[in-house]
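Take a look at the letters that make up each chain.
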Amino acid sequence: MAPRAFITGLSGPAITADERAFLRATAPWGLILFRRNVQTPEQVQALIAEFREIAGRATAPVLIDQEGGRVQRLGPPHWPAYPSGAAYGRLYDRDPDAGIAAAKLGGRLIAADLAALGITVDCLPVADLPVPGSDAVIGDRAYGETPVKVAALAGAAAAGLGEGGVLPVLKHLPGHGRATADSHLRLPVVATDRATLESTDFAAFRPLRGLAMGMTAHVVFTSLDRELPATTSATIISQVIRGFIGFDGLLMSDDLSMGALSGTLAERTRAALAAGCDMALHCNGEFAEMQAVASAAPELAGDAARRADAALAARRAPRPLDAAAARLAFTQMMDGAVRAGTVAS
């Protein structure tokens, strides 16, 4: 059975009988993990192995949000804690080369953690540019406030993930940093003119347009589309994400269960795919919602299938890594920045 154009979550640390039947019947392209799905390394490995066995695809992608800072689904005691994006940004302000090296090594170490579990996709890097007065949902997840700085650090983190055999996901296209609301809760509306957006928010993504995967923002940009958020706006996806930014990778929606969107889950799925998303993402593990998303997601075909295949083909075997030496070097980089007063401890 050909995979269908959605990525699903699960309810807990083991696949239930109902979920097993659901996965067999609906063939999602991939699986995304959250903290509710994570207990120990052995448990995560078993969960992933069972998902791939059910899917019948050894390369079926398994995703996670492992940014560092406030957003990391894996953490102590089994996995290290990582700095927020802003920590690398403050190091970059003192020494750009050091900031870039640290962001890349941080990405490489995260990849080592993920690859050991069988996780092949990380929803990182964040290329959003927060501005004064914007909602804190992005906040210190961002690398900085200028396109050049953000693109440099985001590109370094993506390169580190890639060297560790993990595919990065560029988010949140075409920019969430200016939003004055948390899209998990309600729909943000940005009234900034297009010229300003192109020179700031959108510009941060352009140097990263060659990444294999990206995620949309549930944000309305009234200078482009007065009603629809980027996720369901054909205008924004075609003119900005595919056009001005030039991104031709696999484009997935942000989580369709978020409060920013309206309509049933089936309606949200159809709207995102009709607008130009290649993949519908549903995260919360609520079984009725999972069924609704699956009911509206077609088999992968056409450009969506091409981009999905290209994304998986972009993944490379991990390069050799002396993990102990790399972790020591990373700790010294970040601790040195703290002592210099450039990174908050």
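Further up the page is the structure itself.
First things first, this report covers the structure right here in the doc. (Residues numbered from 1 in each chain as written. Predicted model: local features only at pLDDT ≥ 70, side-chain atom pairs only at ≥ 80, totals over all residues. Heavy atoms only, no water.)

Right, let's get into unusual backbone geometry. Here Leu 124 and Pro 125 are connected by a cis peptide whose omega angle stands at 20°. On the secondary structure map, Pro 125 appears in the loop between β6 (121–122) and α5 (147–163). At the junction of Leu 173 and Pro 174, the peptide bond is cis and its omega measures out at 0° in the coordinates. One non-glycine residue, Ala 27, lies in the positive phi region at around 55°. Relative to the helices and strands, Ala 27 is located in the loop between α1 (17–26) and β2 (28–33). What makes Ala 27 buried here is its relative accessible area of 12%. (Helix = DSSP H or I, 4+ residues; strand = E, 2+ residues; numbered from the N terminus. Buried < 20%, exposed > 50% of the residue type's maximum accessible area, 1.4 Å probe, protein only.)

Judged by which residues are buried, strand β10 (residues 213–216) turns out to be covered on both faces: Met 213 and Met 215 on one side and Gly 214 and Thr 216 on the other are all buried. Pairing analysis gives 3 bridges linking β10 to strand β12 (residues 250–255), with the strands arranged parallel. Bridged to Met 213 within β12 is Leu 250. (Pairing = 2+ DSSP bridges.)

Moving on to the layout of surface pockets. One way to see where empty space is left: roll a probe the size of a water molecule over the atoms. Estimated volume of the largest pocket: approximately 330 Å³. Around the largest pocket, the lining is made up of 23 residues, and of these Arg 73, Arg 141, His 184, Asp 254 and Met 258 lie nearest the centre. Elements with a contribution of two residues or more to the lining of the largest pocket: β8 (170–173) and β12. (1 Å grid on protein atoms, 1.4 Å probe; cavity = no way out; pocket = protein on both sides within 12 Å on 5 of 7 lines; lining within 4 Å. Points joined across faces, edges and corners; volume = space filled by probe spheres on them.)

Take the side chain of Thr 222 next. Tracing the backbone through its elements, the reader meets Thr 222 in the loop between β11 (220–221) and α7 (234–244). The exposure class assigned to Thr 222 is buried, which follows from its relative accessible area of 17%. Apart from residues no more than four positions distant in its own chain, Thr 222 is found in contact with Val 189, Val 190 and Ala 191. (Contact = heavy atoms within 4.5 Å.)

All right, on to the nonpolar core then. If you look at the biggest cluster of nonpolar residues, it comprises 81 residues, and the most contacted ones within it are Leu 33 and Ile 119. The biggest single contributor to this core is helix α4 (residues 96–117), with 8 residues. Apart from residues no more than four positions distant in its own chain, Ile 119 is found in contact with Leu 33, Ile 48, Val 62, Leu 63, Ile 64, Leu 74, Leu 114 and Val 166. Counting residues in hydrophobic clusters, the runner-up holds 24 residues, among them Val 169, Met 213, Met 252 and Ala 308. (Core = buried A, V, L, I, M, F, W, Y, C linked by side-chain atoms within 4.5 Å.)

Looking now at helix α3 (residues 85–94). With 7 of 10 residues buried, α3 is to be regarded as a mostly interior element. Within α3, the full set of buried residues consists of Gly 85, Ala 86, Ala 87, Tyr 88, Gly 89, Leu 91 and Tyr 92.

Let us now look at the sheet that holds β10. Strand pairing in a sheet is mediated by backbone hydrogen bonds. Such pairs are either parallel or antiparallel. Taken in spatial order, the 9 strands make up an open sheet running β7-β6-β3-β2-β1-β13-β12-β10-β8, and their pairing is parallel. Two strands bound the open sheet, and with one partner strand each, they are β7 (167–168) and β8. Along the sheet, helix α9 (residues 287–296) makes contact with β1 (4–8) and β13 (279–281), crossing β1 at roughly 160°. (Axes fitted to C-alpha atoms, helices over the stretch in contact; angles between N-to-C directions.)

Taken as a whole and judged by the stated rule, the model has 7 aromatic pairs. Plain terms: the ring middles of Phe 22 and Phe 287 are 5.8 Å apart, the flat faces sit at 65° to each other, and that makes the pair edge-to-face. With Phe 22 in helix α1 and Phe 287 in helix α9, the pair connects residues that are 265 residues apart, well separated along the chain. Looking at Phe 287, the relative accessible area reads 27%, which means it is partly exposed. When the ring of Tyr 88 is compared with that of Phe 330, the centres are 6.3 Å apart and the planes differ by 45°; the resulting orientation is tilted. Of the two residues, Tyr 88 sits in helix α3 while Phe 330 sits in helix α11 (residues 323–339), which places them 242 residues apart along the sequence. (Phe/Tyr/Trp six-rings, centres within 6.5 Å; stacked < 30°, edge-to-face > 60°.)

Below, the discussion takes up the pattern of salt bridges. Tallied over the entire structure, the rule returns 17 salt bridges. The salt bridge involving Arg 141 is made with Glu 67; its shortest N-O contact spans 2.8 Å. Taken together, the positions of Arg 141 in the loop between β6 and α5 and Glu 67 in strand β4 (residues 66–68) put the pair 74 residues apart, joining distant regions of the chain. Take Arg 141 and Glu 67: they sit in the same class, and that class is buried. As a salt-bridge pair, Lys 104 and Glu 163 come within 3.0 Å of each other at their nearest N and O atoms. In this pair, Lys 104 is assigned in helix α4 and Glu 163 in helix α5, connecting sequence segments 59 residues apart. According to the relative accessible area criterion, Lys 104 is partly exposed, its value standing at 32%. Linked through salt bridges whose partners overlap, the residues forming this network are Arg 242, Asp 248, Asp 278, Asp 303, Arg 306 and Arg 307. (Salt bridge = Lys/Arg side-chain N within 4 Å of Asp/Glu carboxyl O.)

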